[in-house]
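# Reading the structure
Chain by chain, the residues:
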Protein chains: 2
Amino acid sequence: MLSTNGGLTIYKKQIQFGTHQYGFISGEGILGQVAEWLNPLELEVDTYMIISDSGVPHPIIAQTVAAFEKAGTTYLLTFPPGEKNKNLITVESLCRKALALGADRRTAIVALGGGVSGNVAGMVAGMLCRGLPLIHIPTTLIAASDSVLSLKQGVNLDQGKNILGFFYTPRVVCVELSFLHSLPAREIRSGLCELVKNLLAILPEQMDTYRKLLRPSNQYRMEELQQFIEFCIEAKMTVMQDDPYEKNHAVVLEYGHTIGHAVELLGNGDYSHGESIAFGMLCMSTVSKWLGLLTEKEVDLHYELLELVGANVIPPSLWIPNIERYMLRDNKKGYRRYVPGKTGLVLLNGLGRINQEAGSFITYVDDALVRESIRYHTESKIHIKG
Amino acid sequence: MLSTNGGLTIYKKQIQFGTHQYGFISGEGILGQVAEWLNPLELEVDTYMIISDSGVPHPIIAQTVAAFEKAGTTYLLTFPPGEKNKNLITVESLCRKALALGADRRTAIVALGGGVSGNVAGMVAGMLCRGLPLIHIPTTLIAASDSVLSLKQGVNLDQGKNILGFFYTPRVVCVELSFLHSLPAREIRSGLCELVKNLLAILPEQMDTYRKLLRPSNQYRMEELQQFIEFCIEAKMTVMQDDPYEKNHAVVLEYGHTIGHAVELLGNGDYSHGESIAFGMLCMSTVSKWLGLLTEKEVDLHYELLELVGANVIPPSLWIPNIERYMLRDNKKGYRRYVPGKTGLVLLNGLGRINQEAGSFITYVDDALVRESIRYHTESKIHIKG
């Protein structure tokens, strides 16, 4: 739903995943208009604790604090940035700080930042007093169009990414478009890789629209960013309205993620989440082709779209046995019984169609074939773009 | 539902809290009959990880391991006993161990022990892979009749008992009555204090039955223990079927707990959970009488019933300002807005009736009156029984 308010264009949507509902609002200058989007929730809180990693730019933090100060007592709690701090120790330490500041059932938790902030703050909100209201203020495109569109909260252990977590429903997401507009091109690219995944795996009928819109510069107008987010909401709701816990057909959202997460973990910051899963999707498309599930043309579409977002990046320096070892930590493990010599993967058998095998949405693939797909891509013509 | 199986009397019940359902089975020798109660769940797991504190007697651990070995690969993971180890560090360490042993989505977590084991294992089950099936094997009366009849999982911080946690539904509870039958009298008493709470606060119409049954020796036959558990299930379902997250009228289950938890924490093991909340209930009954909410006779019933279970114990050595300081950590804080000089409490305005004030199930009481009730009871004639 679009509305305008003093010249502003505001987009509002009710997110529905199964029986779970929450509001989504975005626009330029929307964050400061707290009365517009916060008051209708009737949260019965008087205190807001903003949780942010210290990598979030100061002006964004300052604007957010100022916005919430209009609504109640506001505190800022920060933690060091990076995937390596997305762990239970950070969560416990933030819980202690929040309690020391007087957090109780009249406190709301505000997650400010990218996916790491969102997940860490989501864990804090879900656990303090067994659940305080959670408000998301995503500051990256990938957070706004992917991680806040999920009930999943999680932190890492060395034994796996997001291996510890739970499901917890936010109360509202507020996307301040001016924050996204100032992002570096590489951050935008990371978000658009998930958009490409949604095009390939969920809503291919909208391919032509985005073929015209996407460009490798990753410079976009705010209205275009808005359109990307709306498309991702549509894609997520398509698969999650009947599968809010992503245990059945919604595992299609994990397309490219088994190899992607391994690359992201191994790269230790060298490859963004989007770039990592872009690589994972290329491998999966090749595997699917070898298995006769995708045509050459459908595989080419993977390349074409990822090239359009400048994300046909390849991690040539990663040692394949390391990728394979990290893949063993995939948190989808166990959806199907372990079979020696096989890896369980999310594959497509056509654009927008997850492959099913024996009633499962996970397909067994010979380890050797998976390895071959990684080798094929790491040794191929495509190289990292700056 | 009662059934017999080779001379055994088995009690089966479907627990229903809101939309959450799980099975409850109890009987003598039932644990070993895995096929009877585990197979119908169709859990799709092949591995069982039993989590137990190392204070659980070895024969009980051995019997439980043997029982689950009939169903699949079984591992035992232990942690040091006691409330002080019910923390997030223990949970994380158990998660690491479980993952090192290969835990994945085809693993079930078995909570073996009292309330601490149940809560710690419940947190592990709820967080690993965002939720593995949870099976409860309570080995204390209070666990069997109270903590497993709840969706609440939680661990402590210095800043409060159960202050970190979430809601997670077990798949089944199996009570092996022979485990409970061998418990020391003091353990039985602890469980019966919660039963007394249920009589006073939820189902007073069954008072006469239990007046005849309860005895200060705390020695009971298995059929009597069985009856106690059935009564507690009835009480819990009465208040939780419409309030599974215990946010509205089901906070009556917290009767006596604001002061009780403070005493339990301060006592550091000197007072059991039941004894601590028994003290809390006596204080609450006195406060209620002073406020004109309960009659002298209704207060006397509190004494009479707690005397019958030998739990009219008083912590005379605790310094009242300390109790008050610990009460500030009550995790019900914030159900109502903080009002200086007042404590929010669960009070009764008659047996089986929670008091409401301004639409809330929490009643504001002057701090001075609460302090007076503690002083009245710590300086009164009642003393600790051995």
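Only a predicted model underlies this, so the values are computations on that prediction, with no experimental measurement involved.

The next subject is the environment of A:Ile51. All names here are of chain A. Structurally, Ile 51 is set in strand 4 (residues 47–53). The buried category is assigned to Ile 51, whose relative accessible area is 0%. Put simply, Ile 51 and Ala 111 are 60 residues apart on the chain and 5.2 Å apart in space, counted from C-alpha to C-alpha.

Further remarks concern the relation of the copies chain B and chain A. Mapping chain B onto chain A calls for a screw motion: a turn of 180° about the axis and a shift of 0.0 Å along it, with 0.0 Å RMSD after fitting. A rotation of that kind, with that shift, is consistent with a two-fold axis. Interface residue correspondence from chain B to chain A reaches 100%, placing this contact among same-surface, isologous pairings.

Turning our attention to the interface of chain B and chain A. The partner chain A presents 37 residues to the 37 residues of chain B that form the contact. Interface of chain B and chain A: buried area, both sides summed, is about 3600 Å²; carbon and sulfur atoms make up 53% of it. Along the contact surface separating chain B from chain A lie four salt bridges. Among the ionic pairs, A:Asp46 bridges to B:Arg337, the shortest N-O distance being 3.6 Å. For the pair chain B and chain A, the interface holds ten residue pairs in polar contact (both at pLDDT 80 or more). At the level of secondary structure, the elements contributing two or more residues to the side of chain B that touches chain A comprise helix 3 (88–100), helix 4 (115–127), strand 8 (152–157) and strand 9 (160–167) of chain B. For the side of chain B that touches chain A, the leading source of residues is helix 3 of chain B, giving seven residues.

With that settled, consider the environment of A:Ile15. Residue and element names in this part refer to chain A. As for its placement among the helices and strands, Ile 15 is situated in strand 2 (residues 8–17). Exposure remark for Ile 15: the relative accessible area of 0% places this residue in the buried category. For the pair formed by Ile 15 and Ser 150, sequence separation is 135 residues and the distance between their alpha carbons is 9.7 Å. Setting aside residues up to four positions removed in sequence, Ile 15 forms contacts with His 20, Gln 21, Tyr 22, Phe 24, Leu 149, Ile 233 and Met 237.

Okay, the UniProt feature "domain: 3-dehydroquinate synthase N-terminal" (unreviewed entry) in chain A next. The sites that carry the UniProt feature "domain: 3-dehydroquinate synthase N-terminal" (unreviewed entry) are, in the present numbering, residues 78–189 of chain A. Structurally, residues 78–189 of chain A comprises 38% helix and 29% strand, and the distance from its first C-alpha atom to its last is 26 Å.

Time to look at the packing of helix 7 (residues 185–201) of chain A against helix 12 (residues 296–308) of chain A. Relative placement of two packed helices is described by the angle separating their axes and the distance separating the axes. All names here are of chain A. Between helix 7 and helix 12, the least distance of the axes is 10 Å, while the angle of their chain directions is 150°. By the angle between their axes, helix 7 is roughly antiparallel relative to helix 12. When you trace helix 7 past helix 12, the crossing you get is right-handed. Two secondary-structure elements touch here, helix 7 through Cys 193, Val 196, Leu 199 and Leu 200 and helix 12 through Leu 301, His 302, Leu 305 and Leu 306. Partitioned by chemical class, the residues of the contact of helix 7 with helix 12 number seven nonpolar, one polar and no charged.

Turning to the packing of aromatic side chains, a few remarks are in order. Any aromatic ring pair is given by two values, namely how distant the centres are and how the planes are angled relative to each other. All names here are of chain A. Evaluated as defined, the whole model comprises 17 aromatic pairs over all chains. Between Tyr 210 and Phe 228, the ring centres sit 6.1 Å apart and the planes meet at 45°, which makes this aromatic pair tilted. One end of the pair, Tyr 210, is in helix 8 (residues 207–213); the other, Phe 228, is in helix 9 (residues 222–240), with 18 residues separating them in the sequence. Here Tyr 210 matches Phe 228 in class, with each residue buried. Residues Tyr 210 and Phe 231 carry aromatic rings whose centres are separated by 4.8 Å and whose planes lie at 45° to one another, so their mutual orientation is tilted. On the criterion of sequence distance, the pair formed by Tyr 210 in helix 8 and Phe 231 in helix 9 is long-range, its members being 21 residues apart. Accessibility classification places Tyr 210 together with Phe 231 in one group, the buried group. Taken together, the ring pairs in this structure connect Tyr 210, Tyr 220, Phe 228 and Phe 231 into an aromatic cluster.

Quick notes on the rules
Residues numbered from 1 in each chain as written. Chains lettered and ligands numbered in written order. Predicted model: local features only at pLDDT ≥ 70, side-chain atom pairs only at ≥ 80, totals over all residues. Heavy atoms only, no water. Helix = DSSP H or I, 4+ residues; strand = E, 2+ residues; numbered from the N terminus. Buried < 20%, exposed > 50% of the residue type's maximum accessible area, 1.4 Å probe, protein only. Least-squares fit on C-alpha atoms with pLDDT ≥ 70 in both. Contact = heavy atoms within 4.5 Å. Buried area = accessible area lost by both parts, 1.4 Å probe. Salt bridge = Lys/Arg side-chain N within 4 Å of Asp/Glu carboxyl O. Polar contact = N/O pair within 3.5 Å; in protein donor to acceptor, adjacent residues only side chain to side chain. UniProt positions renumbered as here; feature names shortened; annotations may be inferred. Axes fitted to C-alpha atoms, helices over the stretch in contact; angles between N-to-C directions. Parallel < 35°, antiparallel > 145°, perpendicular 65-115°, else oblique. Left-handed = near helix turned anticlockwise from the far one by under 90°. Nonpolar A, V, L, I, M, F, W, Y, C, P; charged D, E, K, R; others polar. Phe/Tyr/Trp six-rings, centres within 6.5 Å; stacked < 30°, edge-to-face > 60°.

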